[in-house]
Amino acid sequence: MNILILGRGKSAYSLYNVLSKEHFVSFAIEDYEKLDNNSIYKKDVDIDKYDKFFVSPGVKNDDLLYLKLKGSNKDISSEIEYALDKLKNHKIIAITGSNGKTTVASLLHHVLTKKGVKNVVCGNIGDPLINYINVDLDTLIILEISSFQLERINFIKPYISIITNITPNHLDRHTFKDYVNIKKKVYLYQDNNDYLIINKETYSIYNIESNSNIIISKKKKIKSKHLIGNHNYINIGYVIDALKILNIKDYYDEIKSFKGVKYRLEFLGKINNTNIYNDAKSSTIYSTIEALKSVGSDTLLILGGRNKDIDYSIINNYKVKQIVMYGEEKDKTSLDVIKFNNLKEAFKYAINNQSKFKNILYSPGFTSFDQYNNYNERGEEFERLFNQEINNQ
């Protein structure tokens, strides 16, 4: 069988490694300079030469080759859909939402591991799902799944689905109505043997209807050094609900021992008397607002990056002493901010003025793609700048 994969990211490579053992597989890529023996220039693709197509999550909906495939009767799938079919007899806990899904997935993985329960966490976090298609049947699969991944799936039936929240996101790719409907796909094929965990607000606003057992989650305040703020108490509530379904008991010590998610409201330390927080994972203003509510208004907030066509003026409803902004969005913003070209300049200003603030919070609120390949890169740079400052003192 001849197979073509649109895109060549992390999940595409994992898919290639599996499929190429039995089939002839090629990548369709846009960058002519990166062509090799395993790839073909996207504009040169003859779709009639291939039997099956796999579309990566990052391929845009207006991609010309993708549109051509959709207009044909070709067999189109995705890495995650292929893997889900292979794992249809496994218990899968699928976690989606606009914010909080990585924390919920990571915390659940941490507690289950501490309790000796065989499990893996994958998908939008860690390794692609396809890397685990050969795990034992008694291994729980914790699947963090994004809207981009859900969009490429026709069928998913998790044992437990969790929707953390739904707020405007990725409006440069979907309408908000489409975005909501994509998120709803996570529970669409569940039945009365399955569970949907959701909060009251999301359940009410978005007219959630499911054949599964619906659990309205409530926040759970547990004292934890690394899980601060109301949004994390809500995340803890989701995890506890899942643990109860799995009949796991006495989990409080395991929750308290969780060290948090890297670059998610991560406390780096103090410079003099000012707390420094690295929340580089924040790519929406709603996530930034939750971080801001957690640390308080006596804060210098660093925003920056590329907007996803989201109206972020809501930040004006929250008290914050000062906002600085760098990157692409600084030239478009109507917010009252001090502007810088890059994170290094913004950080330098923050440090020079740190005595005026209780907190310096780096919570960009936008995607990283104007100056970085991903949020990890900007998180690493902020951490590096902080460490340099500490060493220079």
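Remember, it's a predicted structure, so these values are computed and weren't measured experimentally. Note on numbering: residues in each chain are counted from 1, in written sequence order. Local features are withheld for residues below a pLDDT of 70 in this predicted model, meaning they are given only at 70 or higher, and side-chain atom pairs are given and counted only at 80 or more; totals for whole chains, interfaces and linings count all residues. Hydrogens and waters are ignored; side-chain quantities use all the structure's heavy atoms.

Asks: Break down the overall build of the chain for me, citing the residues and quoting the values.
Replies: Summing up its helical and strand segments, the chain has twelve helices and 17 strands in all. It is over C-alpha atoms that the radius of gyration is taken, and the globule rule equals 2.2 Å times the number of residues to the power 0.38. A compact globule built from 393 residues would reach a C-alpha radius of gyration of about 21 Å, and the chain, at 22 Å, matches this within 12%. Dimensions along the principal axes, computed over C-alpha positions, put the chain at roughly 65 × 55 × 40 Å. Going through the 393 residues of the chain one by one, you find that 56% of them count as buried. Between the centroid of the 55 positive side chains of the chain and the centroid of its 47 negative side chains there is a distance of 6 Å. Secondary structure elements are defined from DSSP: runs of H or I of at least 4 residues count as helices, runs of E of at least 2 residues count as strands, and each element is numbered from the N terminus. Buried residues are those whose accessible area, probed at 1.4 Å on protein chains only, stays under 20% of the maximum for their type, while exposed residues exceed 50% and partly exposed ones sit between those limits. The convention is simple: Lys and Arg are positive, Asp and Glu are negative, and His and the chain ends are not counted. Where a charge lies is defined by one atom per residue type: Lys uses NZ, Arg uses CZ, Asp uses CG and Glu uses CD.

Asks: Outline helix H6 (residues 176–184), supporting the account with residue identities and numerical values.
Replies: Those residues of H6 not exposed but buried are Tyr179, Val180, Ile182, Lys183 and Lys184. Any two residues having at least one pair of non-hydrogen atoms within 4.5 Å are treated as being in contact. The inward-facing, buried residues of H6 contact strand E6 (92–96), helix H5 (147–151) and strand E9 (160–163).

Asks: Got a sec to walk through the sheet that holds strand E3 (residues 39–41)? Specific residues and values, please.
Replies: DSSP calls a pair of strands paired once it identifies at least 2 bridges connecting them. Spatially, the five strands line up as an open sheet ordered E3-E2-E1-E4-E5, and their pairing is parallel. Lying at the two open borders of the sheet, with one neighbouring strand each, are E3 and strand E5 (75–77). This sheet shows a mean twist of 30 degrees between the axes of neighbouring strands, independent of strand direction. Relative to strand E2 (residues 24–29), strand E1 (residues 2–6) runs parallel, the two sharing five bridges. What sits directly across from Ile5, in E2, is Phe27. In this analysis an axis means a line fitted to C-alpha atoms, helices contributing only their contacting stretch, and an angle means the value between N-to-C directions, from 0 to 180 degrees. With respect to the sheet, helix H1 (residues 10–19) is in contact with E1, E2 and strand E4 (52–55), its orientation differing from that of E2 by roughly 160 degrees.

Asks: Tell me about the packing of aromatic side chains, and please be specific about residues and values.
Replies: Only centres within 6.5 Å qualify two rings of Phe, Tyr or Trp (six-membered ring in Trp) as a pair; their planes then separate them into stacked at under 30 degrees, edge-to-face at over 60, and tilted for everything else. Scanning the entire structure with this criterion turns up 15 aromatic pairs. Residues Tyr159 and Tyr195 carry aromatic rings whose centres are separated by 5.7 Å and whose planes lie at 85 degrees to one another, so their mutual orientation is edge-to-face. In this pair, Tyr159 sits in the loop between H5 and E9 while Tyr195 sits in strand E10 (residues 195–199), placing the two residues 36 residues apart along the sequence. Here Tyr159 falls in the buried class, since its relative accessible area comes to 17%. In this analysis the charged atom, NZ for Lys or CZ for Arg, is taken to sit over a ring once it is within 6 Å of the ring centre and within 35 degrees of the ring normal. Positioned over the ring face of Tyr375 is Lys281, at 5.1 Å from the centre of the ring.

Asks: Which residues make up empty space enclosed by the protein, and what are the values?
Replies: Unfilled space is identified by rolling a water-sized probe across the atoms. Think of a 1 Å grid over the protein atoms and nothing else: a 1.4 Å probe that fits but is trapped marks a cavity, an open set flanked by protein within 12 Å on at least five of seven lines marks a pocket, and residues with an atom within 4 Å of a point count as lining. Grid points are joined across faces, edges and corners, and a volume is the space filled by probe spheres set on the points. Under the definition given, this model contains three cavities of 30 Å³ or more. Here the largest cavity is characterised by a volume of approximately 80 Å³. Surrounding the largest cavity, 13 residues form its lining, Val55, Ser56, Pro57, Ser78 and Glu79 being those nearest its centre. Every element with two or more residues in the lining of the largest cavity is listed here: H1, E4 and helix H3 (79–86). A per-element tally of the lining of the largest cavity places H1 first, with three residues. Considered class by class, the residues forming the lining of the largest cavity number seven nonpolar, four polar and two charged. Partitioning the lining of the second largest cavity into residue classes produces four nonpolar, four polar and one charged. The nonpolar class holds Ala, Val, Leu, Ile, Met, Phe, Trp, Tyr, Cys and Pro. Asp, Glu, Lys and Arg form the charged class, and all remaining residues, Gly among them, are polar.

Asks: Could you give me a rundown of a nonpolar patch on the surface, with the residues and numbers involved?
Replies: For patch building, the residue pool is restricted to those with more than 30% relative accessible area and no salt bridge; the joining distance is 9 Å between like charges and 5 Å between nonpolar side chains (Val, Leu, Ile, Met, Phe, Trp, Tyr). Computed by Shrake-Rupley with a 1.4 Å probe, the accessible areas treat only the displayed protein chains as cover when residues are assessed. By salt bridge we mean one thing: a side-chain nitrogen of Lys or Arg within 4 Å of a carboxyl oxygen of Asp or Glu. A cluster of nonpolar residues, Phe155, Leu188 and Tyr189, forms a patch on the protein surface that exposes about 310 Å² of accessible area. Structurally, Leu188 can be placed in the loop between H6 and E10.

Asks: Lay out the layout of surface pockets in plain terms, naming residues and giving numbers.
Replies: In this model, the second largest pocket occupies a volume close to 660 Å³. Going through the elements one at a time, helix H7 (200–205), helix H8 (230–245) and helix H10 (285–295) are the ones with two or more residues in the lining of the second largest pocket. Along the lines of polarity and charge, the residues of the lining of the second largest pocket split into ten nonpolar, 14 polar and seven charged.

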